[in-house]
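# Report on the structure
Here is what each chain is made of, one letter per residue.
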Amino acid sequence: MDAFVQAHRNIIIDTTLDSLKKHGFEARFFPSREEAAAYIMEIALDCNTVGIAGTHTARALGVVPMLEKAGKKVFDHWKLKPGTPEELECRKSQMLSDLFLASANAITMTGEIVNRDGCGNRINSMTFGPGKVVLVVGRNKIVPDLDAAIARIEEVAAPIRAMSLSRKTPCVQTGYCMDCDSPERICRVTSIIHRQPMLTKITVIILDEELGY
Ligand code: SF4
């Protein structure tokens, strides 16, 4: 890789890590998925239950089978039929798990965590309930500030998520948010975590690759 490209990436990642730490979050950088997965398994050592949000990023590390193999009870609503009582119960269990794993829609270089949800179970679980929260983010989710975080959600994360869910929303056609009134709208709750929540320890893991959306 071009040395200047690498230097630019390093500045962005180092600034983000410093800002997150200043805001009370634990923040770690890993160059590979394997190292990040090993760190998550270390964090999970004293956990019996693990909730996992609807995230491609955290799953891409392969930690779900690793956690199950280690004897953890994993609450993964993607394994259940949507809209069933079992799926709803699973989402609720995530909120009281010993460890909650998710990604984020955007992490700012100024040290905030920004998300937009349809149901809100992911946002709930990030801020209060689980014993520990670990967020795994690719470097593509780092943005300069809060305005850029909202722009990233509306121009990238939400339209792609709507596509992946086969929603009949205008962003699926335009590629960017139209602030729709569709009954299938996925954007219903926005959360900005400005500082480490008082009763929840959040660890942000930044990976040196583009991962998730
Ligand atoms: S508000 Fe509607 S148009 Fe905008 S990103 Fe969400 S689902 Fe798409």
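Bear in mind the structure is a predicted one, so any value in this text is a computation, not a measurement.

This part covers the layout of surface pockets. By volume, the largest pocket amounts to about 820 Å³. Gly-54, Arg-91, Gly-118, Arg-161 and Leu-165 are the residues nearest the centre of the largest pocket, which is lined by 37 residues in total. If you list the elements that add at least two residues to the lining of the largest pocket, you get α3 (56-60), α5 (85-94), β6 (113-117), α6 (121-127) and α7 (146-164). At four residues, α7 tops the list of elements feeding residues into the lining of the largest pocket. Of the residues assigned to the lining of the largest pocket, the class counts are 14 nonpolar, 12 polar and 11 charged.

Another aspect to go through is the UniProt feature "domain: LUD" (unreviewed entry) in the chain. On the UniProt side, "domain: LUD" (unreviewed entry) is annotated at positions that read residues 15-207 here. End-to-end, the C-alpha atoms of residues 15-207 are 14 Å apart, and along that stretch the chain is 37% helix and 24% strand.

Turning our eyes to something else, we now look at the sheet that holds strand β9 (residues 189-193). If you walk across this open sheet you meet the four strands as β8-β5-β6-β9, and the pairing is mixed. One side of each edge strand has no neighbouring strand; the edge strands of this open sheet are β8 (142-143) and β9. In this sheet, β6 lies alongside strand β5 (residues 106-108) in antiparallel orientation, the contact comprising two bridges. Within the sheet, the bridge partner assigned to Ile-107 lies in β6 and is Ile-113. Against the sheet, α7 engages β5, β6, β8 and β9, with an angle of about 30 degrees to β6.

For the rest of this paragraph, the subject is helix α1 (residues 3-22). Each α-helix winds once per 3.6 residues, and so residues spaced three or four apart point in a common direction. The end-to-end C-alpha separation of α1 is 28 Å, in line with the 28 Å expected for 20 residues at 1.5 Å each. The complete set of buried residues in α1 reads Ile-13, Thr-16, Leu-17, Ser-19 and Leu-20. Mapping the buried residues of α1 onto a view down its axis gives an arc of 165 degrees, with all of them on the same face. Residues of α1 that are exposed and angled more than 90 degrees away from the buried face: Ala-3, Phe-4, His-8, Ile-11 and Lys-22. The distance from a side-chain oxygen at the start of α1 to the backbone nitrogen of Phe-4 is 2.7 Å, and the residue carrying that oxygen is Asp-2. Looking one or two residues past α1, Gly-24 carries a phi angle of roughly 95 degrees, positive in sign.

It is worth spelling out α7 at this point. With 19 residues, α7 extends 25 Å from end C-alpha to end C-alpha; this agrees with the ideal 27 Å at 1.5 Å per step. At Ile-153, α7 shows its maximal bend, which comes to roughly 45 degrees. Along α7, the residues classified as buried are Ala-149, Arg-152, Ile-153, Ala-157, Ala-158, Pro-159 and Ala-162. The elements touched by buried residues of α7 are β5, β6, β8 and α8 (171-174). Sitting at the amino-terminal end of α7 is Asp-145, which places a side-chain oxygen 3.3 Å from the backbone nitrogen of Asp-147. The positive-phi residue at the C-terminal boundary of α7 is Ser-166, with phi of around 55 degrees.

Attention shifts here to the sheet that holds strand β1 (residues 26-30). Picture the strands of a sheet paired through backbone hydrogen bonds; they go either parallel or antiparallel. Strand order in this open sheet of six strands is β1-β10-β7-β4-β2-β3, and the pairing throughout is parallel. Each edge of the open sheet carries a strand with a single partner, namely β1 and β3 (73-76). Ignoring which end each strand starts from, the neighbouring axes of this sheet average 20 degrees apart. Strand contacts of helix α2 (residues 33-43): β1, β4 (99-102), β7 (132-138) and β10 (201-207), with the helix running at about 165 degrees to β10, the strand carrying the most contacts. In the packing of α5 onto the sheet, the strands contacted are β2 (49-52), β3 and β4, and the crossing angle to β3 comes to about 120 degrees.

Thresholds applied
- For every chain, the first residue of the written sequence is number 1, and numbering continues from 1 along that sequence.
- Per-residue local features of the predicted model are confined to residues with pLDDT of at least 70, and side-chain atom pairs are confined, for both listing and counting, to 80 or more; whole-chain, interface and lining totals are unaffected and use all residues.
- Computation of side-chain values covers all heavy atoms of the structure but excludes hydrogens and water.
- Both site types are read off a 1 Å grid over the protein atoms alone. A 1.4 Å probe that fits but cannot get out defines a cavity, while an open set with protein on both sides within 12 Å along at least five of seven lines defines a pocket; lining residues have an atom within 4 Å of a point.
- Grid points are joined across faces, edges and corners, and a volume is the space filled by probe spheres set on the points.
- Think of it this way: any DSSP run of H or I at least four residues long counts as a helix, any run of E at least two long counts as a strand, and we number them from the N terminus.
- Residues are grouped as follows: Ala, Val, Leu, Ile, Met, Phe, Trp, Tyr, Cys and Pro are nonpolar; Asp, Glu, Lys and Arg are charged; every other residue, Gly included, is polar.
- UniProt positions are given in the numbering used here, feature names are shortened, and annotations may be inferred rather than shown by experiment.
- By this definition, two strands are paired if DSSP reports at least two bridges between them.
- Should any heavy atoms of two residues lie within 4.5 Å, those residues are considered in contact.
- Between N-to-C directions, angles span 0 to 180 degrees; the directions come from axes that are lines fitted to C-alpha atoms, helices contributing only their stretch in contact.
- A helix is expected to span 1.5 Å for every residue after the first.
- Only protein chains enter the accessibility calculation, which uses a 1.4 Å probe; a residue is then buried when its area is under 20% of its type maximum, exposed when over 50%, and partly exposed in between.
- Picture the helix axis, draw a direction to every C-beta atom, and the arc is the one those directions span.
- We define a polar contact as two N or O atoms separated by no more than 3.5 Å, with the added condition that, inside protein, one atom must be a possible hydrogen donor and the other a possible acceptor, whereas residues neighbouring each other in sequence contribute only through side-chain atom pairs.
- To get the bend at any residue, fit one axis to the seven residues that end at it and another to the seven that begin at it, then take the angle between the two axes.

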